[in-house]
Amino acid sequence: MVVHATSDSGAAATPRPGFNPLREATDRRLPRIAGPCAMVLFGVTGDLSRKKLLPAIYDLANRGLLPPGFSLIGFARRDWTVEQFTGEVYDAVRAHARTEFKDEVWRQLAEGFRFVSGSFSDADAFRRLKETVDAVEAERGIAGNVAFYLSVPPSAFPQVCGQLAEFGLAKPPEGSWRRVIIEKPFGHDLASAQELDTVVSSAFNPDSVFRIDHYLGKETVQNILALRFANEMFEPIWNNNFIDHVQITMAEDIGIGGRAGYYDGIGAARDVIQNHLLQLMALTAMEEPVVFDAAALRAEKVKILSAVRLPEDLAAATARGQYAAGWQGGVPVVGYLEEDGIPADSHTETYAALRLEVDTRRWAGTPFYLRTGKRLGRRVTEVAVVFKPAPHLPFSRMAQSQDSRNAIVIRVQPDEGVTIRFGAKVPGTALEVRDVSMDFGYGNSFTEASPEAYERLILDVLLGDPPLFPQRDEVELSWRILDPVEEFWAGLGAPEPYQAGSWGPDSGKAMLARDGRVWRRP
Ligand code: BG6
């Protein structure tokens with residue numbers, strides 16, 4: 001982790017031209033600019049590249065965070081010239097970049113574009129990739145530093161890593177670095193995750209492997225650490241004495257779109273609980289790391305993931321569903337089984353919910369409920385820490401529903417912020433209490449827009465800054481938690497259907513009702 005100190009040395013000096021004391025005194029965020037380097041992007045024609053990665057690279061360039069000689073080398077099967085590749089990147093940037101388009105920034109960035117056409121099995125293509133990297137080294141001074149972004153299905157990892165190793169691309173020349181970025185899914189169970197890791201680490205040093213869980217790149221997710229550890233008022237009540245339970249929700253209103261090939265057979269739990277939701281849970285539950293660096297963070301997350309216990313009765317502690325036709329935003333939508341490319345008898349779940357226990361002194365007896373689903377009521381991700389009811393009330397409360405318990409709700413997205421819910425006296429009554437909320441919203445408190453998760457994560461890879469990337473043991477522990485659930489579900493029939501646009505199957509509600517609780521209605 002690079003820590004930038006701001007200078008407080010009060011020495012009197014002549015102000016430099018353009019020095020604005022007010023701005024400089026308050027703006028303590030010195031930019032972190034990547035040193036000389038190049039990025040090779042495999043899977044450059046995919047959806048993720050077009051919608052997220054290429055726009056994020058432009059946004060970083062626009063924010064002045066890429067080195068002047070930065071080079072982006074696309075690798076794909078298409079028979080493109082570099083001009084055609086540049087045109088594709090241009091379209092992606094114009095359609096999806098977060099920041100304003102500036103000709104000058106684009107021109108400078110595009111000068112570093114290169115393209116290598118070939119398949120992953122084609123040794124000759126990797127020879128040309130090596131020549132391209134060498135040429136870029138000579139022309140643009142990338143100092144031998146190259147990040148390889150594998151935005152490709154995991155089944156392609158062995159071939160790509162093998163070719164990179166074969167052509168000496170994975171091994172850094174003296175004094176430089178070579179890094180590899182891999183996207184989830186990191187396998188589909190523990191055994192396959194271990195195999196993948198063996199493959200990747202046979203080519204790259206383990207410290208050079210950056211696993212992307214894009215939720216960790218979100219400002220609101222990093223804010224969980226700030227909320228918990230930069231403040232004194234939450235920590236004393238952040239435990240099972242005061243917290244009744246925690247609900248972590250990642251609801252999406254979209255269906256599977258054009259991702260049938262990826263999603264079917266994977267399902268909601270493998271797609272997002274194994275990674276995003278268990279990471280959110282670990283950040284919410286973990287002890288304070290000694291410092292904000294990768295090793296200290298990992299150590300605390302690993303302690304929590306190792307302490308997670310699945311209840312014995314998985315029929316009672318889990319729920320799954322599959323969306324049926326319904327309405328979303330006033331338009332009719334088809335059910336999962338009618339989506340293009342989905343077999344009519346698919347048992348893949350599009351909704352999954354779990355109750356997890358954490359066997360530690362801080363959390364014993366306080367369950368964590370995780371739920372996710374496609375085609376739910378609306379798009380919302382939140383961590384809701386729900387407190388126990390007051391032990392005694394000397395007056396009446398107007399709203400007695402569980403939804404109105406004291407709660408701290410970390411609103412990950414959209415409408416990013418934090419809500420604190422508590423009871424207040426209703427004006428004009430003798431002493432009636434009703435629930436109100438106190439809100440922090442990013443839009444109101446900060447003037448600058450939050451960067452996209454991929455901007456932060458790509459920059460961190462180029463800087464070699466690993467705290468926001470899950471490590472191998474976190475991934476493996478997460479599969480250890482999920483594997484028994486998947487095995488249990490595999491022995492059941494079809495998941496329970498739920499209407500698109502609803503809040504999921506009845507079994508999801510019943511799962512909480514059995515514990516005398518209800519899901520929050522975000
Ligand atoms: C991805 C999942 O990891 O996260 C998708 O594979 C999901 O299924 C996506 O739609 C959601 O990301 P975000 O940032 O829009 O919440």
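A quick note: this is a predicted structure, and the numbers were derived from the prediction, not measured.

This part covers the pairing of strand 1 (residues 38-42). Most of strand 1 is tucked away, with five of its five residues classed as buried. In terms of strand pairing, strand 1 meets strand 4 (residues 146-150) through five bridges, oriented parallel. Bridge pairing links Val40 to Phe148 in strand 4. Bridging between strand 1 and strand 2 (residues 71-76) involves five bridges; their strand directions are parallel. Counted as the bridge partner of Ala38 is Ser71 from strand 2. A crossover links strand 1 with its parallel partner strand 2, the connecting element being helix 2 (residues 47-62), and its sense is right-handed.

Following the criterion strictly, the structure yields 23 aromatic pairs and no others. Considering the side-chain rings of Phe75 and Phe126, the 5.0 Å spacing of their centres and the 40° angle between planes classify their relative orientation as tilted. Within this pair, whereas Phe75 is found in strand 2, its partner Phe126 is found in helix 5 (residues 123-140), the two being separated by 51 residues in sequence. Relative accessible area serves as the criterion here: at 0%, Phe126 is assigned to the buried category. Members of the aromatic cluster, connected to one another through ring pairs, are Tyr58, Trp80, Phe85, Tyr90, Phe101, Trp106, Phe113 and Phe115. Stacked on the ring of Phe101, the Lys or Arg Arg94 has its end atom at 4.1 Å from the ring centre. One residue, Arg179, lies across the ring of Trp177, its end atom 3.8 Å from the ring centre.

Before going further, it helps to examine the nonpolar core. In terms of nonpolar packing, the biggest core is built from 149 residues, with Met39, Phe42, Leu129, Phe148, Leu150, Leu164 and Leu462 touching the most fellow members. Ranked by the residues each element gives to this core, the list is headed by helix 10 (residues 267-285), at 11 residues. Both domains that meet at this core, namely domain 1 (38-183) and domain 2 (216-452 + 466-513), each give it at least three residues.

On the surface, a cluster of nonpolar side chains totalling about 210 Å² of accessible area is made up of Leu393, Phe395 and Leu431. Structurally, Leu393 is set in the loop between strand 14 (380-387) and strand 15 (407-413).

On to the site of the ligand. Taken together, 13 residues lie near the ligand, and Tyr215, Lys218, Glu252, Asp271 and Gln413 sit nearest. Measuring from an oxygen atom of the ligand, one finds a side-chain N or O atom of Asp271 at 2.6 Å. With three residues, the single largest contributor to the shell around the ligand is helix 10. Grouping the amino acids of the shell around the ligand by side-chain chemistry returns three nonpolar, three polar and seven charged.

Before going further, it helps to spend a moment on the pattern of salt bridges. In the structure shown here, the tally under the stated rule is 34 salt bridges. Across the pair Lys301 and Glu474 runs a salt bridge whose closest N-O atoms are separated by 2.9 Å. Taken together, the positions of Lys301 in helix 11 (residues 294-307) and Glu474 in helix 15 (residues 472-490) put the pair 173 residues apart, joining distant regions of the chain. With a relative accessible area of 2%, Lys301 lands in the buried category.

Glancing now at the domain arrangement of the protein chain. The assigned domain composition of the protein chain is domain 1 (38-183) and domain 2 (216-452 + 466-513). Once you take the C-alpha centre of each, domain 1 and domain 2 turn out to be 35 Å apart.

Moving on, we get to unusual backbone geometry. Residue Pro185 follows Lys184 across a cis peptide bond; omega there is 5°. You can see Pro185 is positioned in the loop between strand 5 (178-183) and helix 7 (190-203). In the segment running from Gln413 into Pro414, the intervening peptide bond is cis, with an omega of -15°. With respect to the helices and strands, the residue Pro414 is situated in the loop between strand 15 and strand 16 (417-425). Phi at Arg375 takes a positive value of approximately 55°, unusual for a residue other than glycine. By relative accessible area, which is 14% here, Arg375 ends up buried. Look at Asp415: it is not a glycine, yet its phi comes out positive at around 50°. Its place among the elements puts Asp415 in the loop between strand 15 and strand 16. By relative accessible area, Asp415 is classed as exposed at 54%.

What follows is about the confidence of the model for the protein chain. The predicted model of the protein chain averages 91 in pLDDT, with 93% of residues at 70 or higher. Taken together, the stretch residues 1-27 has pLDDT below 50 and engages in 12 contacts with residues farther than four places along the chain or on a different chain.

We now examine the sheet that holds strand 6 (residues 209-212). Strand order in the open sheet formed by six strands is 3-2-1-4-5-6, with parallel pairing between adjacent strands. Edge strands, defined here as strands with exactly one partner in the open sheet, are strand 3 (113-117) and strand 6. Across the sheet, the mean angle separating the axes of adjacent strands is 20° when strand polarity is ignored. Of the strands in this sheet, strand 1, strand 2, strand 4 and strand 5 touch helix 2, which is tilted by about 175° from strand 1. Sheet contacts for helix 3 (residues 82-96): strand 2 and strand 3; angle to strand 3, the most-contacted strand, approximately 115°.

Counting buried positions over the seven residues of strand 15 gives seven, a clear majority of the element. Relative to strand 15, strand 14 runs antiparallel, the two being bridged by six bridges. Following the sheet pairing, Val386 is matched in strand 15 by Ala407. Where strand 15 and strand 16 come together, five bridges link them in antiparallel fashion. Note that in strand 16 the partner of Val409 across the bridge is Thr419. Hairpin connection between strand 15 and strand 16: a loop of three residues separates the two successive antiparallel strands, and Asp415 in this loop has a positive phi of roughly 50°.

Position of Arg362 among the secondary structure elements: in the loop between strand 12 (351-358) and strand 13 (368-373). Among the polar contacts made by the side chain of Arg362, one reaches the main-chain carbonyl oxygen of Trp238 at a distance of 2.7 Å. Polar contacts involving the side chain of Arg362 include one to the side chain of Glu287, which spans 2.7 Å. When near neighbours in sequence (up to four residues on either side) are disregarded, Arg362 contacts Arg228, Glu235, Trp238, Asn239, Asn240, Ala285 and Glu287.

Conventions adopted
Residues numbered from 1 in each chain as written. Predicted model: local features only at pLDDT ≥ 70, side-chain atom pairs only at ≥ 80, totals over all residues. Heavy atoms only, no water. Buried < 20%, exposed > 50% of the residue type's maximum accessible area, 1.4 Å probe, protein only. Helix = DSSP H or I, 4+ residues; strand = E, 2+ residues; numbered from the N terminus. Pairing = 2+ DSSP bridges. Right-handed = clockwise from strand over helix to strand, strands pointing away. Phe/Tyr/Trp six-rings, centres within 6.5 Å; stacked < 30°, edge-to-face > 60°. Lys NZ or Arg CZ within 6 Å of the ring centre and 35° of its normal. Core = buried A, V, L, I, M, F, W, Y, C linked by side-chain atoms within 4.5 Å. Domains from an automatic or database assignment. Patch = residues over 30% accessible without salt bridge, like charges linked within 9 Å, V, L, I, M, F, W, Y side chains within 5 Å. Areas by Shrake-Rupley, 256 points an atom, 1.4 Å probe, with all protein chains shown as cover. Salt bridge = Lys/Arg side-chain N within 4 Å of Asp/Glu carboxyl O. Near = heavy atom within 4 Å. Polar contact = N/O pair within 3.5 Å; in protein donor to acceptor, adjacent residues only side chain to side chain. Nonpolar A, V, L, I, M, F, W, Y, C, P; charged D, E, K, R; others polar. pLDDT = per-residue confidence, 0-100. Contact = heavy atoms within 4.5 Å. Axes fitted to C-alpha atoms, helices over the stretch in contact; angles between N-to-C directions.

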